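Okay, here's what each chain looks like letter by letter:
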Amino acid sequence: MITTITASAITKFLACQRAYYYRYELGLQTVETSDALSFGRAYHAAIEARNKGQTAEQAVCAGVTALGNQNEQLVATLSGLVHGYFSRYENDLPMATLSEIRFEHKIGKYGFRAAGVIDGLAELNGGYALLEYKTTSQAIDTDSDYWVRLRNNIQINQYVDALETLGYPVREIVYDVTRKPSIRPKLNESLEDYAIRLRDDCEKRPEFYFARRQVSVLSDDIERFRTLRREICYQVAANRKRQKRAATKASPWLCCNQQMTCTVCEFKAFCLHGTEATESEIPTGFYVGERNPELK
């Protein structure tokens, strides 16, 4: 059995094995995509459009197309942030990059393969740099621990490992981070006016919304990640074996039952009530689909 291990799968396994099972073993997905996930993809598409030389309005259109729904408030937020981004970096030329780099290669035993799609690879200081766009609701000022946690980011380490396999030894990571707005539409304020107010706020407080930082790649961090990924693969293989004699297929996959994890889990509606999803009993609001839709 060939198993594709993405950065999202690793992150999910570390958070909760039961959630990993539902998402990546059973292939369970929610019918509706969360606003946070939709917005992240849309914003990334808009910034990619800027890197291709498009105008702010064209970039917003690219983001709206990627958004894939008609949530007018999200569209207004996207417009305000994108125009603010263009204003913040109007004197900075987009970095020349190779974008949408796909990879897949063998790891460990039991037929596991690492796979993913890399945002961008840039030439920098005579070498290669991984260009990574992030949106976050956390503070991104210099003293924020957000930057410290990025050092052990699963996705980044997976990408650096893959690029080395592809023959692109990466020595630096360029983080281009945008903070999501804390302001919301006012009572009786049109969404168009809200988008303009958000744009103006971005121009008044650029350091609140936007930050870029270059971080060196440490070989020790990558080796620790490779060890972590390999051990997860072994645990997944072991859980599959235990399924053969378990009461239910979900039983070997431990449920974390921690508030911080469960609160944001897409499976909490039925999992917290002790209900197990199976291939023949799919909870309302879910369906069985692609196990790794992020690769599409």
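It should be emphasised that the depicted structure is a prediction, and the values quoted were computed from it without experimental measurement. (Residues numbered from 1 in each chain as written. Predicted model: local features only at pLDDT ≥ 70, side-chain atom pairs only at ≥ 80, totals over all residues. Heavy atoms only, no water.)

(A) Fine view of the overall build of the protein chain. On a plain count of helices and strands, the protein chain comes out with 12 helices and eight strands. Against the globule reference of 19 Å for 296 residues, the protein chain gives a C-alpha radius of gyration of 21 Å, in line with a compact fold. Overall, the C-alpha framework of the protein chain stretches about 60 × 50 × 35 Å when taken along its three principal axes. Of all 296 residues assigned to the protein chain, the portion counted as buried reaches 45%. (Helix = DSSP H or I, 4+ residues; strand = E, 2+ residues; numbered from the N terminus. Rg over C-alpha atoms; globule rule 2.2 N^0.38 Å. Buried < 20%, exposed > 50% of the residue type's maximum accessible area, 1.4 Å probe, protein only.)

(B) Seen up close, helix H5 (residues 72–88). The terminal C-alpha atoms of H5, which comprises 17 residues, lie 24 Å apart, in line with the 24 Å expected from a rise of 1.5 Å per residue. The buried fraction of H5 amounts to 12 of the 17 residues, a majority that puts the element mostly inside the structure. For H5, the N-terminal capping position is held by asparagine 71, with its side-chain oxygen 3.2 Å away from the main-chain nitrogen of glutamine 73. (Expected span 1.5 Å × (residues − 1). Polar contact = N/O pair within 3.5 Å; in protein donor to acceptor, adjacent residues only side chain to side chain.)

(C) Structural context of empty space enclosed by the protein. Enumeration according to the criterion identifies one cavity of 30 Å³ or more in this entry. Looking at the largest cavity, the residues that line it are Leu150, Arg151, Ile156, Asn157, Ile173, Tyr175, Val215, Ser216, Val217, Leu218, Asp221 and Ile222. Taken together, the residues of the lining of the largest cavity break down into eight nonpolar, two polar and two charged. (1 Å grid on protein atoms, 1.4 Å probe; cavity = no way out; pocket = protein on both sides within 12 Å on 5 of 7 lines; lining within 4 Å. Points joined across faces, edges and corners; volume = space filled by probe spheres on them. Nonpolar A, V, L, I, M, F, W, Y, C, P; charged D, E, K, R; others polar.)

(D) Structural view of the nonpolar core. Tyr20, Tyr22, Leu28, Leu130, Trp147, Phe267 and Phe270 are the most contacted members of the largest nonpolar core, which totals 50 residues. If we skip the residues at most four places from it in the chain, tyrosine 20 touches Thr3, Ile5, Ala9, Lys12, Phe13, Glu25, Val236 and Trp253. Judged by nonpolar contacts, the second largest core, of 31 residues, contains Val60, Leu81, Tyr133 and Val174. (Core = buried A, V, L, I, M, F, W, Y, C linked by side-chain atoms within 4.5 Å. Contact = heavy atoms within 4.5 Å.)

(E) Examining the side chain of threonine 136 more closely. Within the secondary structure, threonine 136 sits in strand S5 (residues 127–136). From its side chain, threonine 136 meets the backbone nitrogen of glutamine 138 in a polar contact 3.0 Å long. Other than its neighbours up to four places away in sequence, threonine 136 contacts Tyr146, Val177, Thr178, Arg179 and Lys180.

(F) Looking closely at the environment of tyrosine 89. For tyrosine 89, the location among the structural elements is in the loop between H5 and strand S3 (97–106). When its relative accessible area of 2% is taken as the criterion, tyrosine 89 is described as buried. Distance in space between the C-alpha atoms of tyrosine 89 and proline 206 is 9.7 Å, their sequence separation being 117 residues. Excluding residues within four positions of it along the chain, tyrosine 89 makes contact with Arg50, Asp176, Phe210, Ala211 and Arg212.

(G) Region of interest: the packing of aromatic side chains. Per the stated rule, a full pass over the model turns up 20 aromatic pairs. For the pair phenylalanine 103 and tyrosine 159, a centre-to-centre distance of 6.1 Å together with 80° between the ring planes defines the contact as edge-to-face. Remark: tyrosine 159 occurs in helix H7 (residues 154–165) and phenylalanine 103 occurs in strand S3; sequence separation between them is 56 residues. This pair shows no difference in class: phenylalanine 103 is buried, exactly as tyrosine 159 is. Among the aromatic residues, those joined into a cluster by ring pairs are Phe13, Tyr20, Tyr21, Tyr22, Tyr24, Trp253, Phe267, Phe270 and Phe286. Above the face of the tyrosine 24 ring, arginine 23 is positioned so that its terminal group lies 5.2 Å from the ring centre. (Phe/Tyr/Trp six-rings, centres within 6.5 Å; stacked < 30°, edge-to-face > 60°. Lys NZ or Arg CZ within 6 Å of the ring centre and 35° of its normal.)

(H) Region of interest: the packing of helix H2 (residues 17–25) against helix H10 (residues 219–243). Put simply, H2 and H10 touch, their axes get as near as 13 Å, and they point 85° apart. Looking at the two axes, H2 sits roughly perpendicular to H10. In contact with Gln17, Tyr20, Tyr21 and Glu25 of H2, H10 contributes Gln235, Val236, Asn239, Arg240 and Gln243. (Axes fitted to C-alpha atoms, helices over the stretch in contact; angles between N-to-C directions. Parallel < 35°, antiparallel > 145°, perpendicular 65-115°, else oblique.)

Worth remembering: the numbers are spatial, not functional.
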